[in-house]
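Observations on the three-dimensional arrangement
One letter stands for each residue in the lines below.
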Amino acid sequence: MWTIFKKEFSNFYLGFTAYLATATFVIVSVLFLWFFDNEFNVFNTGNASLSSFFFVGPWIFLFMIPALTMKLIAEEQANGTLLWLFTLPIKKNQIIWGKYLAVVSVVVFCLLSTFLFTITLQEFLMPEQKLDYGTIFSGYLGLFFLGSLFAAIGLFTSSITKNQVMAYVLAVFFCFIIFYGFESLASYNLLGSMDFYVQKIGSFTHYNQFLKGIIDTRDLLYFLILIGILNQISIVNLENKK
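Predicted model only: the values in this text are computed from it and were never measured.

1. Some words on the nonpolar core
Phe-12, Phe-25, Phe-53, Phe-61 and Phe-150 are the most contacted members of the largest nonpolar core, which totals 66 residues. Tallying contributions element by element places helix α9 (residues 133-159) first for this core, with 12 residues. Not counting the four nearest positions on each side in its chain, Phe-12 is found in contact with Thr-17, Ala-18, Leu-68, Leu-72, Ala-102, Val-103 and Val-106.

This is the structure:
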């Protein structure tokens, strides 16, 4: 797994993909938070908080992370290098988890690059005021888990097709469904008492708990279990390809 991780890590960082993704994430966030005249602009909200960033961040990840994952398996299958991987003494779960962790490292890099936002907010506060660092930390933690979930979804879609464009489109679609689709469906109140459970299936509710400063074991388990299930399905898909 460490060998696969280093290979993909090198591809991301030596090929400048990670830096391009991070620059895109930071620039788009900066534009929405500090320059565009919209409801997410920090100056318009009048609050020295990163709530706008934690609202915009998932939508950027929703389109960005599938672009990172779409080629991880699909490209190897199309190029025939997947067959070469099968000849090596590497287990299928090591291949999947090695590639997955490489993408997660880019997610972490993106989030670390936005810590400057916190320093900037601090400059706008009165001397006697302080930022709620607890809520900021839990917000970053929630965004990390959400990005990690999107990475697992992207890897899954890359494992079911050798067409990179199709893998990207499917990943964006599934990320949207898991993040906002179930939440939107539950808001219509069509299923009565079942709406509560439909809402819990989606990640929007669990992510919002982090934004409130609440780090609940149930929300952590939701993301960890779902990531584990998706990666296990990707492992099975890899076994079938062999």
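Having seen the model, we can carry on.
2. Here's the deal with helix α1 (residues 2-14)
The end-to-end C-alpha distance of α1 is 17 Å, a good match for the 18 Å that 13 residues give at a rise of 1.5 Å each. Where α1 is buried, its residues touch α2 (17-35), α4 (51-69), α5 (74-79), α6 (81-87) and α7 (92-112).

3. Examining the pattern of salt bridges
Within this structure, the stated rule accounts for three salt bridges. Across the pair Lys-7 and Glu-8 runs a salt bridge, and its minimum N-O distance is 3.2 Å. The class for Glu-8 is buried, based on a relative accessible area of 5%. Taking the shortest distance from any N to any O, the salt bridge between Glu-8 and Lys-99 comes out at 2.6 Å. Of this pair, Glu-8 sits in helix α1 while Lys-99 sits in helix α7, and the two are 91 residues apart along the sequence. In this structure, Glu-8 and Lys-99 share a single accessibility class: buried. A single network of salt bridges, built from pairs that share partners, joins Lys-7, Glu-8 and Lys-99.

4. Some points on the state of the cysteines
Across all of its chains, the model carries zero disulfides by this definition. Of all cysteine sulfurs, the one in Cys-175 lies closest to Cys-110, which takes part in no disulfide; the gap is 14 Å. Assessed through its relative accessible area of 0%, Cys-110 is described here as buried. The exposure class of Cys-175 is buried, given its relative accessible area of 0%.

5. Brief notes about the packing of aromatic side chains
The geometry of an aromatic ring pair comes down to the distance between the two centres and the angle between the two planes. In total, this model carries 32 aromatic pairs according to the counting rule given. Ring geometry for Phe-53 versus Phe-54: centroids 5.3 Å apart, planes at 55°, classification tilted. An identical accessibility class is assigned to Phe-53 and Phe-54; each is buried. Look at Phe-150 and Phe-179: their rings are 6.3 Å apart centre to centre, the planes differ by 90°, and that puts the pair in the edge-to-face class. Within this pair, whereas Phe-150 is found in helix α9, its partner Phe-179 is found in helix α10 (residues 164-187), the two being separated by 29 residues in sequence. Overall, the relative accessible area of 0% leaves Phe-150 in the buried class. Each residue in the set Trp-2, Phe-5, Phe-9, Tyr-13, Phe-16, Tyr-19 and Phe-109 is aromatic and connected to the rest through ring pairs, giving one cluster.

About the criteria used
- Residues numbered from 1 in each chain as written.
- Predicted model: local features only at pLDDT ≥ 70, side-chain atom pairs only at ≥ 80, totals over all residues.
- Heavy atoms only, no water.
- Core = buried A, V, L, I, M, F, W, Y, C linked by side-chain atoms within 4.5 Å.
- Buried < 20%, exposed > 50% of the residue type's maximum accessible area, 1.4 Å probe, protein only.
- Helix = DSSP H or I, 4+ residues; strand = E, 2+ residues; numbered from the N terminus.
- Contact = heavy atoms within 4.5 Å.
- Expected span 1.5 Å × (residues − 1).
- Salt bridge = Lys/Arg side-chain N within 4 Å of Asp/Glu carboxyl O.
- Disulfide = S-S within 2.5 Å.
- Phe/Tyr/Trp six-rings, centres within 6.5 Å; stacked < 30°, edge-to-face > 60°.

No statement about biological role is implied by the geometric values presented.
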